[in-house]
Structure formats: C-alpha cells, structure tokens
Amino acid sequence: LRIIQQNLGRRAIVWSLTTGDSYEGLRDYVVQQAMGFRLATVRPDSSQPGIRLGGIGNVAVDMPLTQTLAWETYQYGSLLSGTTDRLESTAASMASSLSIPFTILAYHADAVGDTAAVVKNLERADQIAPNEAIRSALTAYKSHLLQAAPTP
C-alpha cells in the first residue's frame, strides 16, 4: 500500500504475472502488458484502440504493447531451439510463464478473426513451453480452419 501511496501517478507500478492475479481490490485499474501488470491511475477504457478485456484475471490488456514486448523485446534464448521439453521443473515453469503472452495474443486474435495470428501465436507458445493443452488447441484450430476452407 505504501508503494502505491508514494508512487501512483509519479512512476509506473508494475508487477509480474508470476505474482498471481490477486489485485487487492484494484482489478479495475490494472492493465496487462505481456508479462507485466501495470496499475493505472484511471480505469482502462476498452473502447480505446488496442485495449481489450480478457487478460489474466479478466483485466484489460494493452494489445499493441503486449505484441511488441512478446515478439520484439523479450529474448527467449535457447527456448526457441525446440528442446524445452527437457527442461528441469523450475526452468520449465518459467518457460511456461513466458508463453502466456502468446496465448493471450492468440485468444484476442481469434476474437477478431485473425486466423494467421492465432496460429502464429499458439505455435510460438508451444515452442517456448511445450504444453499438451496448447498443442491440442492448435491442432483443433488448424483442423477447424481446414474444415471451414472453401473447396475448389
């Protein structure tokens, strides 16, 4: 509480998604930005371009910033080499956290009908942290696309 009292409006207050989704009554003022949750001074307006509801804990998501951070800023090192299924448990847990922004991007891409972005983001999430649920969702999504494709 003291950090908020001394810093809100003066500097960014951001915490990691690994800290959980209990916002102590501040949920309406939280904006997810990839792996971070920023406390805003006003409620995020989901009618503004790039702000969507439906992040972790159903908070607003800054989609352009999440896209930039996930695809251009964050570095994934050897997680992109396809060998993440051999990580020890703590490293695998961290890799799983790194995949979350991609699943959120995929979810929101699906909501606007951007099928290419759904596939691209789910593939990256699975590459960083192989997960049967993500792999199943990706397979089902691709299958649905094939079934929905017009026949020549």
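Residues numbered from 1 in each chain as written. Predicted model: local features only at pLDDT ≥ 70, side-chain atom pairs only at ≥ 80, totals over all residues. Heavy atoms only, no water.

A word on the pairing of strand β3 (residues 36-39)
Regular strands have side chains that alternate between both faces of the sheet.
Reasoning step 1: Pairing of strand β1 (residues 14-16) with β3, which is carried by three bridges, proceeds in the antiparallel orientation. Of the residues in β3, the one forming a bridge with W15 is F37.
Reasoning step 2: Alignment of strand β2 (residues 30-33) against β3, held across four bridges, turns out to be antiparallel. Within the sheet, the bridge partner assigned to Q33 lies in β3 and is G36.
Reasoning step 3: In this antiparallel pair of consecutive strands, β2 and β3, the connection spans two residues, and A34 shows a positive phi of 60 degrees. (Pairing = 2+ DSSP bridges. Helix = DSSP H or I, 4+ residues; strand = E, 2+ residues; numbered from the N terminus.)

A few points about the side chain of T66
Reasoning step 1: With respect to the helices and strands, T66 occurs in helix α2 (residues 63-73).
Reasoning step 2: Under the relative-accessibility criterion, T66 is labelled buried at 1%.
Reasoning step 3: Here the side chain of T66 touches A34 through a polar contact of 2.9 Å, landing on its backbone nitrogen.
Reasoning step 4: Among all residues touching T66, those that are not within four sequence positions of it are Q32, Q33, A34, V61, P101 and L105. (Buried < 20%, exposed > 50% of the residue type's maximum accessible area, 1.4 Å probe, protein only. Polar contact = N/O pair within 3.5 Å; in protein donor to acceptor, adjacent residues only side chain to side chain. Contact = heavy atoms within 4.5 Å.)

A few points about the packing of aromatic side chains
Reasoning step 1: For the structure on display, the rule yields two aromatic pairs.
Reasoning step 2: Ring centres of W71 and F102 lie 5.1 Å apart, and the angle between their planes is 85 degrees; this geometry places the pair in the edge-to-face category. Taken together, the positions of W71 in helix α2 and F102 in helix α3 (residues 89-111) put the pair 31 residues apart, joining distant regions of the chain.
Reasoning step 3: Here the aromatic rings of Y76 and F102 are separated by 5.8 Å at their centres, their planes lie at 55 degrees, and the arrangement is tilted. Taken together, the residues Y76 in the loop between α2 and α3 and F102 in helix α3 connect sequence positions 26 residues apart.
Reasoning step 4: Aromatic ring contacts, followed pair by pair, group W71, Y76 and F102 into a single cluster.
Reasoning step 5: For K120, the ring lying beneath its charged end belongs to W71, and the centroid distance is 4.5 Å. (Phe/Tyr/Trp six-rings, centres within 6.5 Å; stacked < 30°, edge-to-face > 60°. Lys NZ or Arg CZ within 6 Å of the ring centre and 35° of its normal.)

Side note on α2
Reasoning step 1: Among the residues making up α2, those that are buried are M63, T66, L69 and A70. Looking down the long axis of α2, one finds its buried residues gathered within 135 degrees of arc, a one-sided arrangement.
Reasoning step 2: Backbone nitrogen of L65 and a side-chain oxygen of the N-cap are separated by 3.1 Å at the start of α2; the cap is D62. (Arc of directions from axis to C-beta.)

Thoughts on the environment of A133
Reasoning step 1: Along the polypeptide, A133 turns up in helix α5 (residues 132-148).
Reasoning step 2: In this structure A133 comes out as exposed when scored by relative accessible area, which is 56%.
Reasoning step 3: Sequence separation between A133 and A117 is 16 residues, and the spatial gap between their C-alpha atoms is 18 Å.

Structural notes on helix α4 (residues 115-128)
Reasoning step 1: In this model, α4 (14 residues) spans 20 Å end to end at C-alpha, consistent with the 20 Å of a helix rising 1.5 Å per residue.
Reasoning step 2: Residues of α4 that are buried: A117, V118, V119, N121, L122, R124, A125, D126 and I128.
Reasoning step 3: The secondary structure elements touched by the buried residues of α4 are α2, α3 and α5. (Expected span 1.5 Å × (residues − 1).)

Side note on the packing of α4 against α5
Reasoning step 1: As a packed pair, α4 and α5 sit with axes 9 Å apart at the nearest point and diverge in direction by 155 degrees. With respect to their mutual orientation, α4 and α5 come out roughly antiparallel. You can see that α4 and α5 cross each other, and the crossing is left-handed. On α5, the residues that touch T115, V118, V119, L122, E123, A125 and D126 of α4 are I134, R135, L138, Y141, K142 and L145.
Reasoning step 2: Class assignment for the residues of the contact of α4 with α5 results in eight nonpolar, one polar and four charged. (Axes fitted to C-alpha atoms, helices over the stretch in contact; angles between N-to-C directions. Parallel < 35°, antiparallel > 145°, perpendicular 65-115°, else oblique. Left-handed = near helix turned anticlockwise from the far one by under 90°. Nonpolar A, V, L, I, M, F, W, Y, C, P; charged D, E, K, R; others polar.)

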